[in-house]
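# Coordinate analysis (summary)
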Amino acid sequence: MTRSAATSSSPSPAGPPRRCPTRAPAGKLAGDGAYDYTWTPDGTLAGTAGVGSPGTGVLDFTDRHTDLTGQFTAAGTALT
């Protein structure tokens, strides 16, 4: 099971809804304004998606050092 890094809108008392990242593992980003990230329970990067682009995310392939080495779609046949 992965932790979702999607963001949710919450009402702001002073104006329109604002984006609030969901909780990510300690020291990890849930999002950086351009991308949202999904992490495994042990803190390994699992997926990346553009903010505001549902259904366009990719699965992340990491090496044993947790360095990002490639990305692929669920239906993909090759790493990019």
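One structure accompanies this document, and this report is about it. All values derive from a computational prediction rather than experimental measurement.

About the criteria used
Residues numbered from 1 in each chain as written. Predicted model: local features only at pLDDT ≥ 70, side-chain atom pairs only at ≥ 80, totals over all residues. Heavy atoms only, no water. Pairing = 2+ DSSP bridges. Helix = DSSP H or I, 4+ residues; strand = E, 2+ residues; numbered from the N terminus. Buried < 20%, exposed > 50% of the residue type's maximum accessible area, 1.4 Å probe, protein only. Contact = heavy atoms within 4.5 Å.

This paragraph deals with the pairing of strand β5 (residues 58-62). Sheet topology places strand β4 (residues 45-50) next to β5; 2 bridges connect them, and they run antiparallel. For T48, the partnering residue across the bridge sits in β5 and is V58. Counting the residues between successive antiparallel strands, the hairpin from β5 to strand β6 (residues 68-72) contains 5 residues, one of them, T66, with a positive phi of roughly 65°.

Following the sequence through the fold, G31 ends up in the loop between β2 (15-21) and β3 (35-39). The exposure class assigned to G31 is partly exposed, which follows from its relative accessible area of 22%. Residues G31 and T48, 17 residues apart in the sequence, show an inter-C-alpha distance of 9.1 Å. Excluding anything up to four places from it in sequence, G31 contacts D36 and Y37.

Sheet topology note: the β3/β4 ladder contains 5 bridges and is antiparallel. Counted as the bridge partner of D36 is A49 from β4. Counted between consecutive antiparallel strands, the loop separating β3 from β4 contains 5 residues, among which G43 sits at a positive phi close to 95°.

By themselves, these are just geometric observations and shouldn't be taken as functional.
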